[in-house]
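# Secondary and tertiary structure notes
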Amino acid sequence: QAQLVESGGGLVQAGGSLRLACAASGRTSSRNTMGWFRQAAGKEREFVAAIRSVGTTYYTDSVKGRFTASRDNAKNTVYLQMNSLKPEDTAVYYCAADLDPWGTNYDRVSAYTYWGRGTQVTVSS
């Protein structure tokens, strides 16, 4: 088993910034691709960003240029720096671990084995 714990969510005004963190323990390693997803009220969970063990990152189009994923493998922690936040970014944000370090479905919920419980991000207009 693995445990993923997100932190850093909160309430911020539009244009503001937040930095989410996801601390991993248990059956995860620095080889895992780590993903960030979000789920707004009444909507399906959607891909936000992913970062491979070597640091390669992927983003959904709506956050490119505003969000940055990073990781500290020594601390088993991944981060999501979110700048220029918009009200439409409001959602519960989840981190997830993909046990396949080279999987190509990094933008799909089904590719990830372990999930955190999420952290709420609310952006006011």
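The structure under discussion appears in the preceding block.
Residues numbered from 1 in each chain as written. Predicted model: local features only at pLDDT ≥ 70, side-chain atom pairs only at ≥ 80, totals over all residues. Heavy atoms only, no water.

## A closer look at the pairing of strand β3 (residues 18-26)
Examined bridge by bridge, strand β1 (residues 2-7) and β3 share six bridges and lie antiparallel to one another. For Val5, the partnering residue across the bridge sits in β3 and is Ala23. Where β3 meets strand β8 (residues 77-82), six bridges bridge the pair, whose relative direction is antiparallel. Within β8, the residue paired with Ala21 across the bridge is Tyr79. (Pairing = 2+ DSSP bridges. Helix = DSSP H or I, 4+ residues; strand = E, 2+ residues; numbered from the N terminus.)

## Quick notes on the sheet that holds β1
Taken in spatial order, the four strands line up as β1-β3-β8-β7 in an open sheet, and their pairing is antiparallel. Only two strands of the sheet have a single neighbouring strand rather than two, namely β1 and β7 (67-72). Taking the axes of each pair of neighbouring strands and ignoring which way they run, one obtains an average angle of 15 degrees across the sheet. (Axes fitted to C-alpha atoms, helices over the stretch in contact; angles between N-to-C directions.)

## With respect to the side chain of Arg66
With respect to the helices and strands, the residue Arg66 is situated in the loop between β6 (57-59) and β7. The buried category is assigned to Arg66, whose relative accessible area is 10%. Those residues in contact with Arg66 that lie beyond four places of it in its chain are Gln81, Met82, Asn83, Ser84, Leu85, Lys86 and Asp89. (Buried < 20%, exposed > 50% of the residue type's maximum accessible area, 1.4 Å probe, protein only. Contact = heavy atoms within 4.5 Å.)

## So, the packing of aromatic side chains
As enumerated under the stated definition, the model contains seven aromatic pairs in all. For the pair Phe37 and Phe47, a centre-to-centre distance of 5.7 Å together with 75 degrees between the ring planes defines the contact as edge-to-face. Here the residue Phe37 occupies a position in strand β4 (residues 33-39), and Phe47 occupies one in strand β5 (residues 46-51), the gap between them amounting to ten residues. Residue Phe37 shares its accessibility class with Phe47, and that shared class is buried. Seen from their ring centres, Tyr112 and Trp115 are 6.0 Å apart, and the 65 degrees between their planes marks the pair as edge-to-face. You can call Trp115 partly exposed: its relative accessible area is 25%. Through a chain of ring-to-ring contacts, three or more aromatic side chains come together here, namely Phe37, Phe47, Tyr58, Tyr94, Tyr106, Tyr112 and Trp115. Geometry around Tyr79 places Arg19 over its ring, the cationic atom sitting 4.0 Å from the centre. The side chain of Arg45 reaches across the aromatic face of Tyr94, ending 3.7 Å from its centre. (Phe/Tyr/Trp six-rings, centres within 6.5 Å; stacked < 30°, edge-to-face > 60°. Lys NZ or Arg CZ within 6 Å of the ring centre and 35° of its normal.)

Interpretation note: all reported values are geometric properties and have no functional meaning in isolation.
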